[in-house]
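The primary structure of each chain is shown beneath.
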Amino acid sequence: MKVTTKLYLKSFFIYGIIFGLIMTLWEYIDEEKINLWRQVFQGVFFGGFMSWATVTAHKRAMRKYGKNELTEEDFKVSQCDYIIKENSIQEIYDLMNHHEAINKWKIEIKGSNVIGKTKTSWSSWGEKIIISDLGENIKIESKPVLKTTMFDNGKNRENVLLIKELIGKG
């Protein structure tokens, strides 16, 4: 099965079932009865719409960095990559502070790490970015602020690719 098909199905079932259960409970509390066909229709319609929106946003984010074919790795919520160290943590911090997209993040140096946090947006509750100096390598990690996040619309992968591109390893 293709990777994008798996994502469509996973998001369809998660969004559709959760929304369907919530709407069923709401209808029961409000009207003290349940119209099964309406609940199934709402769950299928909402699940389908959210599945389409999630996958489309993910594809768009990856195309921005020249990736036309998506892989399993692109759909992991937490993203991590390693590059050979050519810049110090201070130089990476300075590069990030002067980048148009990244300077909106809250970033700081803590020891041999650069810690960043993005703002909440319509597509994300925010991401935590950690850039670590591991001696000969630099570790770039981006993960959702909320640990319960199941889909990130490609934001964490996008953050890792953006930082790699900024450092010159993209």
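Quick summary incoming for the structure in this document. (Residues numbered from 1 in each chain as written. Predicted model: local features only at pLDDT ≥ 70, side-chain atom pairs only at ≥ 80, totals over all residues. Heavy atoms only, no water.)

1. Concerning the layout of surface pockets
Thinking step 1. Considered as a void within the structure, the second largest pocket measures approximately 230 Å³ in volume.
Thinking step 2. Taken together, 14 residues form the lining of the second largest pocket, with Ala101, Trp105, Thr118, Lys155 and Asn159 sitting closest to its centre.
Thinking step 3. By residue number, the principal contributor to the lining of the second largest pocket is helix 4 (residues 155-167), which donates 4 residues.
Thinking step 4. For the lining of the second largest pocket, the residue count by class is 4 nonpolar, 4 polar and 6 charged. (1 Å grid on protein atoms, 1.4 Å probe; cavity = no way out; pocket = protein on both sides within 12 Å on 5 of 7 lines; lining within 4 Å. Points joined across faces, edges and corners; volume = space filled by probe spheres on them. Helix = DSSP H or I, 4+ residues; strand = E, 2+ residues; numbered from the N terminus. Nonpolar A, V, L, I, M, F, W, Y, C, P; charged D, E, K, R; others polar.)

2. Notes on the side chain of Ser142
Thinking step 1. Looking at the secondary structure, you find Ser142 in strand 5 (residues 137-144).
Thinking step 2. A polar atom in the side chain of Ser142 sits 3.1 Å from the side chain of Asn159.
Thinking step 3. Every residue in contact with Ser142, bar those within four places of it in the chain, is listed here: Val77, Ser78, Gln79, Glu127, Lys128, Ile129, Asn156, Asn159 and Val160. (Polar contact = N/O pair within 3.5 Å; in protein donor to acceptor, adjacent residues only side chain to side chain. Contact = heavy atoms within 4.5 Å.)

3. Side note on empty space enclosed by the protein
One way to see where empty space is left: roll a probe the size of a water molecule over the atoms.
Thinking step 1. A full pass over the atoms with the stated rule returns 1 cavity of 30 Å³ or more.
Thinking step 2. In this structure, the largest cavity occupies an estimated 50 Å³ of space.
Thinking step 3. What lines the largest cavity is Leu7, Thr54, His58, Phe75, Val77, Met150, Phe151, Asp152 and Asn153.
Thinking step 4. Its residues assigned to classes, the lining of the largest cavity comprises 5 nonpolar, 3 polar and 1 charged.

4. Observations concerning the pairing of strand 3 (residues 113-117)
In regular strands, side chains alternate between the two faces of the sheet.
Thinking step 1. Looking at chain direction, strand 2 (residues 106-110) and strand 3 are connected through 5 bridges and run antiparallel. The partner of Lys106 across the bridge, within strand 3, is Lys117.
Thinking step 2. As judged from the 5 bridges shared by strand 3 and strand 4 (residues 127-133), these two strands associate in the antiparallel manner. Along strand 4, the bridge assignment pairs Lys117 with Lys128. (Pairing = 2+ DSSP bridges.)

5. Remarks on the nonpolar core
Thinking step 1. Core analysis: the biggest nonpolar cluster contains 18 residues, and Met96, Ile102, Trp105, Ile131, Ile138, Ile140 and Ile163 have the highest contact counts within it.
Thinking step 2. The biggest single contributor to this core is helix 4, with 5 residues.
Thinking step 3. Once you skip the residues sitting within four places of it in the chain, Ile138 turns out to touch Asp81, Tyr82, Ile83, Lys85, Asn87, Ile89, Ile92, Ile131, Ser132 and Asp133.
Thinking step 4. If you look at the next biggest cluster of nonpolar residues, it comprises 10 residues, including Val3, Ile14, Val55 and Phe75. (Core = buried A, V, L, I, M, F, W, Y, C linked by side-chain atoms within 4.5 Å. Buried < 20%, exposed > 50% of the residue type's maximum accessible area, 1.4 Å probe, protein only.)

6. Some thoughts on the sheet that holds strand 5
Thinking step 1. Across the sheet, 5 strands lie side by side as 1-5-4-3-2; this open sheet has antiparallel pairing. Two strands bound the open sheet, and with one partner strand each, they are strand 1 (79-84) and strand 2. If you compare each strand with its neighbour and ignore which way they point, the axes differ by 15 degrees on average.
Thinking step 2. Set on the sheet, helix 3 (residues 89-97) makes contact with strand 2, strand 3, strand 4 and strand 5; between it and strand 2 the angle comes to about 170 degrees.
Thinking step 3. Contacts between helix 4 and the sheet are confined to strand 1, strand 4 and strand 5, with strand 5 contributing the most and set at about 150 degrees to the helix. (Axes fitted to C-alpha atoms, helices over the stretch in contact; angles between N-to-C directions.)

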